[in-house]
Amino acid sequence: MDSTLNERFKRITTFIFDIDGVMTDGSVLALESGEQPRIFNVRDGYGINRAIKMGYRVAILSAQNQVGVRKRLEYLGVKDIFIGTSPDGKLPIYKRYLEETKLSEDEIVFMGDDLPDWEVMRTNVMGACPADSAEEILALADYISPKKGGYGAVRDLIEQVMKAQGTWMAWFEESK
């Protein structure tokens, strides 16, 4: 891994993820009832839960708003859930989150995949994206996961950060 990237990973305390195209493969099943279920990768979920248990913050910033998605995130232990974002986009919510948490951008890695994530990725935050992201997002990303959205990109990012900080296996080593 690039030493500059590794040094940036060492400063991360907070992960912010988009949902569609990052935590899912971007597919939506449109049911007659109006529900639009998503499929989540269990390993991504394990990575999120593991990061939270090791003291990292995890936040979700997504335009979509489904009850089942919120329940999944709450089950994983995510407390900072911003879904159904404002018509003004994700940037105002992201800035408010920084203000409320007193986090600096060098402590955060944001993973997005498509144009609605572009404004946040253009800030000074460390930007990450899945391998199958939109061209404009790939061009902005500091880290491009070799995994596609919904197929382990979230877990990959979490692992890279935690391994850089020596925390990935710490939980298992402490339980011995």
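For the structure, see preceding data.
Since we're looking at a predicted model, the values are computed, not measured.

Looking only at helices and strands, one finds eight helices and six strands in the protein. Reading the protein from its N end, one meets helices and strands in the order α-β-α-β-α-β-α-β-α-β-α-β-α-α. Taken against the 2.2 N^0.38 rule, which gives 16 Å for 176 residues, the C-alpha radius of gyration of the protein at 15 Å falls within 12% of a compact globule. Considering only C-alpha atoms, the protein reaches an extent of 50 × 35 × 30 Å along its principal axes. Residues classed as buried in the protein amount to 47% of the 176 residues present. Look at the contacts in the protein between residues 6 or more apart in sequence, and 55% of them connect residues 24 or more apart. Working note: accessible area of the protein is about 9,100 Å², and carbon and sulfur atoms make up 49% of it.

A full pass over the atoms with the stated rule returns four aromatic pairs. Centre to centre, the rings of F9 and Y143 are 5.5 Å apart; their planes meet at 70 degrees, and the pair counts as edge-to-face. One end of the pair, F9, is in helix 1 (residues 3-10); the other, Y143, is in strand 6 (residues 143-144), and 134 residues separate them in sequence. Overall, the relative accessible area of 9% leaves Y143 in the buried class. The rings of F15, F17 and Y56 are connected pair by pair, giving a single aromatic cluster. A cation over an aromatic ring shows up here: R50 above the ring of W168, its NZ or CZ 4.3 Å from the ring centre.

Between the first and last C-alpha of helix 2 (residues 42-53) there are 16 Å, a value that for 12 residues agrees with the 16 Å anticipated at 1.5 Å per step. Taken as a whole, helix 2 has its buried residues at D44, G45, G47, I48, R50 and A51. Measuring from the backbone nitrogen of R43 back to the side-chain oxygen at the start of helix 2 gives 2.7 Å, which picks out N41 as the cap. Phi turns positive, to about 95 degrees, at G55, one or two residues after helix 2.

Rules of the game
- Residue positions are given per chain, counting from 1 as you read along its sequence in written order.
- The model is predicted, so local features are restricted to residues of pLDDT at least 70 and side-chain atom pairs to those at 80 or more, both for listing and for counting; the totals for chains, interfaces and linings are taken over all residues.
- To get the side-chain values, all heavy atoms of the structure are used, and hydrogens and water are removed first.
- Only DSSP runs of H or I covering at least 4 residues are called helices, and only runs of E covering at least 2 are called strands; the numbering of each starts at the N terminus.
- With the radius of gyration taken over C-alpha atoms, the globule rule is written as 2.2 Å times the number of residues to the power 0.38.
- Each residue is placed in one exposure class: buried if its accessible area under a 1.4 Å probe, protein chains only, is under 20% of its type's maximum, exposed if it is over 50%, and partly exposed if it falls in between.
- In this analysis, two residues are considered to be in contact whenever any of their non-hydrogen atoms come within 4.5 Å of each other.
- Here, Shrake-Rupley sampling with a 1.4 Å probe gives the accessible areas, and only protein chains in the shown set may cover a residue.
- Note on aromatic contacts: the rings of Phe and Tyr and the six-membered ring of Trp form a pair at centre separations within 6.5 Å, being stacked when their planes are under 30 degrees apart, edge-to-face when over 60 apart, and tilted otherwise.
- By definition, being over a ring means that NZ of Lys or CZ of Arg is both within 6 Å of the ring centre and within 35 degrees of the ring normal.
- Multiplying one less than the number of residues by 1.5 Å gives the expected span of a helix.
- Side-chain atoms alone can form a polar contact between residues adjacent in sequence; in general such a contact is a pair of N or O atoms within 3.5 Å, and within protein one must be able to donate a hydrogen while the other accepts it.

Keep in mind these numbers describe shape, not what the thing actually does.
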